[in-house]
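The chain contents come next:
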Amino acid sequence: MSTDLAPAMAQHLSPMIAADLKAHGYAVLRGIIDPNIVDALDRDLAPAFETTPFCNGEFYGPRTKRFGRVLLRSPLAERFVRHEAILSAVHHILSPWCDTIQLNLTQGLALHPGAPAQFPHRDQDMWRGVTGEIEYLVNVMWPFTTYHKENGTTLVWPRSHGAAALQANPPQDPVAIDMQPGDALLFLGSPLHGAGTNRSEMVRRGMIVSYCLGWLKPYENQWLAYPPAIARRFSPELAALVGYTQHRPNLGNYEGLCPSVLLGQHPADLPGATDALRPDQEEALAEWSADQGRST
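Since this is a predicted model, take the numbers as computed values, not measurements.

Q: Can you break down the sheet that holds strand β6 (residues 154-156) residue by residue, with the values?
A: Strand order across the open sheet formed by three strands is β7-β6-β9, with antiparallel pairing between neighbours. The two strands at the open ends of the sheet, each matched to only one other strand, are β7 (175-176) and β9 (193-195). The pairing of β6 with β7 spans two bridges and is classified as antiparallel. Looking at β7, one finds that Val-156 is bridged to Val-175.

Q: Hey, could you go over the pairing of strand β3 (residues 64-67) for me, with residue numbers and the actual values?
A: What you see with β3 is no split at all: Thr-64 and Arg-66 on one side and Lys-65 and Phe-67 on the other are buried throughout. Of the strand pairs in this sheet, β3 and strand β4 (residues 101-111) are connected by four bridges, and their pairing is antiparallel. Paired with Thr-64 across the strands is Leu-111, a residue of β4.

Q: Any details on the side chain of Thr-106? Residues and values, ideally.
A: Within the element layout of this structure, Thr-106 appears in strand β4. Of the residues examined, Thr-106 reaches a relative accessible area of 1% and is grouped as buried. A distance of 3.4 Å separates a polar atom in the side chain of Thr-106 from a polar atom in the side chain of Tyr-226. Those residues in contact with Thr-106 that sit more than four places away from it in its chain are Phe-67, Gly-68, Arg-69, Val-70, Leu-71, Val-81, Ile-208, Val-209, Glu-220 and Tyr-226.

Q: Go over the packing of aromatic side chains, please, and point to the residues and values.
A: Counted under the stated rule, the structure contains six aromatic pairs. Relative to Trp-142, the ring of Phe-80 lies with its centre 4.9 Å away and its plane at 90°, an arrangement referred to as edge-to-face. Highlighted residues: Phe-80 in helix α5 (residues 77-81) and Trp-142 in strand β5 (residues 137-143), separated in sequence by 62 residues. You'll find Phe-80 and Trp-142 in the same group, each marked buried. With a centroid separation of 5.5 Å and 65° between ring planes, the pair formed by Tyr-226 and Phe-234 is classed as edge-to-face. Each member of the pair, Tyr-226 together with Phe-234, is buried. Stacked on the ring of Phe-54, the Lys or Arg Lys-65 has its end atom at 5.2 Å from the ring centre.

Definitions and limits used
Residues numbered from 1 in each chain as written. Predicted model: local features only at pLDDT ≥ 70, side-chain atom pairs only at ≥ 80, totals over all residues. Heavy atoms only, no water. Pairing = 2+ DSSP bridges. Helix = DSSP H or I, 4+ residues; strand = E, 2+ residues; numbered from the N terminus. Buried < 20%, exposed > 50% of the residue type's maximum accessible area, 1.4 Å probe, protein only. Polar contact = N/O pair within 3.5 Å; in protein donor to acceptor, adjacent residues only side chain to side chain. Contact = heavy atoms within 4.5 Å. Phe/Tyr/Trp six-rings, centres within 6.5 Å; stacked < 30°, edge-to-face > 60°. Lys NZ or Arg CZ within 6 Å of the ring centre and 35° of its normal.

Right, dumping it as structure tokens:
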């Protein structure tokens, strides 16, 4: 389902984006960002697109190039990763199952002429968790070039998400998503999808940004991609997205503390391990402590 968004209005339309994702498994956002910014990011990433070797393996694609660490390669990438309307919709989708969300990956992607169709798959299957009840991630495809059927645009099987992921066959045929720079395709981790065949003479370039539940192991190892020396340059919000925050209770801690301490204080000056509990855990602990006090 397509959702037309003027950039100035995007921040007010997150509930509609989330509703499309829940109903159809995907949403196409038109004009969500200035195409000139897309072009500038594409230029920043041109050296990586040029020097990155072709992938190995039938899933990644022998005529496809992929590279990560996009936030390190261009400061413009943060504009896409922290897009307000998209992040708000992602929080709406994922927050029922987590305390915080995290960046799952940023990946430059180029399908060269002759690239075969990708194996249809569901991204949630990388974790082998419960199917049909939980949404584990939200993907965003940002096109740098025109995306259409002939150059292998993303194929999505509508209504193959959520509980329908348990069905042997998708209820509908796939949809080839036509897009221009400035548009974005959002899709959940549960619908069946895959790149199409590039039958054209052009290279189809773009970027995938993916967000997942904060307690999962992300696809791209964010702490290796952006170690503290790099993450110190990030805004606090971006640093939190790439893992420099805790997911209560104390998941992903450093010496029992939020890993954001590595972006400021010297390790020798850190306080002792400190509780970081969910509200329900704090309440249970308070009741237990009170009982202990009455019994002594």
